[in-house]
Amino acid sequence: MSAVDTIKQTVTANDVVLFMKGTKTMPQCGFSSRVAGVLNYMGVEFADVNVLADEDIRQGIKEYSDWPTIPQLYVKGEFVGGCDIITEMTLSGELDQLLEKSGISFDKAAADKIRETNA
Amino acid sequence: MSRTEKIRVALEAAFQPRVLEVIDDSESHRGHGGYQEGGESHFNVTLESDKFRGLSRIARHRAVHAALGKELVSEIHALSLTLRD
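Figured I'd write up the structure that's included with this text. (Residues numbered from 1 in each chain as written. Chains lettered and ligands numbered in written order. Predicted model: local features only at pLDDT ≥ 70, side-chain atom pairs only at ≥ 80, totals over all residues. Heavy atoms only, no water.)

### Notes on the overall build of chain B
1) Next: Along chain B, the regular secondary structure elements total 3 helices and 3 strands.
2) Next: Along its sequence from the N terminus, chain B presents helices and strands in the succession α-β-β-α-α-β.
3) Next: Its C-alpha radius of gyration of 13 Å places chain B within 12% of the 12 Å reference for a compact globule of 85 residues.
4) Next: Principal-axis analysis of the C-alpha atoms gives chain B an extent of 40 × 25 × 20 Å.
5) Next: Within the span of chain B, comprising 85 residues, buried residues form 42% of the whole.
6) Next: Taking contacts inside chain B between residues at least 6 apart in sequence as the whole, the part at least 24 apart equals 62%.
7) Next: Looking at chain B as shown, the accessible area adds up to about 4500 Å², and 49% of this sits on carbon and sulfur atoms.
8) Next: With 12 positive and 13 negative side-chain charges, chain B shows a spacing of 8 Å between the two charge centroids. (Helix = DSSP H or I, 4+ residues; strand = E, 2+ residues; numbered from the N terminus. Rg over C-alpha atoms; globule rule 2.2 N^0.38 Å. Buried < 20%, exposed > 50% of the residue type's maximum accessible area, 1.4 Å probe, protein only. Contact = heavy atoms within 4.5 Å. Areas by Shrake-Rupley, 256 points an atom, 1.4 Å probe, with all protein chains shown as cover. Lys, Arg positive; Asp, Glu negative; His and termini not counted. Charge placed at Lys NZ, Arg CZ, Asp CG, Glu CD.)

Here is the structure:
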């Protein structure tokens, strides 16, 4: 299967996918770590794809999303953003809204706690 | 021209920003992935421009990536963007 097909299949088969450097339990980059940390803390179930483990995926995801950097978050097959955007959306509450709208369960109290701590 | 200057020049031209800050944040990533001796690997950019009005977050970031160009973007290890209209 080509890298694009693999990516397409991954973002279709999983509601939430994070393309990252390292894994959700062992991130290997501060930016990937921040996004995985937010999702973990909010109790969001997500698939992690370690781009460092596959050079074709690492290049392929940049083209697929038209986005030059990692991490990249997908929800319901749609590209949501990288670290800056996810951070902003977490703090503004837009990420909560997106998850709610997409029918993805998460811990609202934990999300509020992140906002409280960073207010 | 240093990368910091290249970024500044490209963004000035594309966005006529009210606010433009280009900070070389490489030192705080010393020893991490992508750090290069001499810095200029990790940047924090804050940009305020009328040109972002009506654009989604993703569209704003894409406009910045396009203004910087593929070559410069691929040279930089990490680019953190704060974009406001």
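### Things to note about the packing of helix α1 (residues 3-15) of chain B against helix α2 (residues 57-68) of chain B
All names here are of chain B.
1) Next: Following both chains from N to C, one finds α1 and α2 inclined at 120 degrees, their axes separated by 9 Å at the closest point. Accordingly, the angle class assigned to the pair α1 and α2 is oblique. As for how α1 packs across α2, the hand of that crossing is right-handed. Contacts from I7, A10, L11, A14 and F15 in α1 reach A63, V64, A67 and L68 in α2.
2) Next: Classifying every residue of the contact of α1 with α2 by side-chain character gives 9 nonpolar, no polar and no charged. (Axes fitted to C-alpha atoms, helices over the stretch in contact; angles between N-to-C directions. Parallel < 35°, antiparallel > 145°, perpendicular 65-115°, else oblique. Left-handed = near helix turned anticlockwise from the far one by under 90°. Nonpolar A, V, L, I, M, F, W, Y, C, P; charged D, E, K, R; others polar.)

### Focus: the sheet that holds strand β1 (residues 19-24) of chain B
All names here are of chain B.
1) Next: Judged by pairing direction, the sheet is mixed, and its 3 strands sit side by side in the order β1-β2-β3 without closing on themselves. Of all the strands in the sheet, the pair left with one neighbour each is β1 and β3 (78-84). Put simply, the sheet's adjacent strands are angled 10 degrees from each other on average, direction ignored.
2) Next: Contacting β1 and β2 (42-48), α1 crosses the sheet at an angle of about 160 degrees to β1. (Pairing = 2+ DSSP bridges.)

### Observations regarding helix α5 (residues 94-101) of chain A
All names here are of chain A.
1) Next: Buried within α5 are the following residues: L95, D96, L98 and L99. Buried residues in α5, looked at end-on, bunch into an arc of 165 degrees, giving them a common side. Opposite the packed face of α5, turned more than 90 degrees from it, sit the exposed residues Q97 and K101.
2) Next: Tucked inside the fold, the buried residues of α5 contact α2 (30-41), β3 (72-75), β4 (78-81), α4 (83-92) and α6 (108-117).
3) Next: Of the residues flanking the end of α5, it is G103, one or two places downstream, whose phi is positive at about 70 degrees. (Arc of directions from axis to C-beta.)

### Quick word on the environment of S80 of chain B
1) Next: Mapped onto the elements, S80 of chain B comes out in strand β3.
2) Next: Using a relative accessible area of 16% as the deciding quantity, one classes S80 of chain B as buried.
3) Next: Along the backbone, S80 of chain B and I23 of chain B are 57 residues apart, and their C-alpha atoms lie at a distance of 9.7 Å.
4) Next: Sequence-distant contacts of S80 of chain B, defined by excluding residues within four places in its chain, comprise D84 of chain A together with F43, N44 and V45 of chain B.
5) Next: There is a polar contact of 2.8 Å between the side chain of S80 of chain B and the side chain of D84 of chain A. (Polar contact = N/O pair within 3.5 Å; in protein donor to acceptor, adjacent residues only side chain to side chain.)

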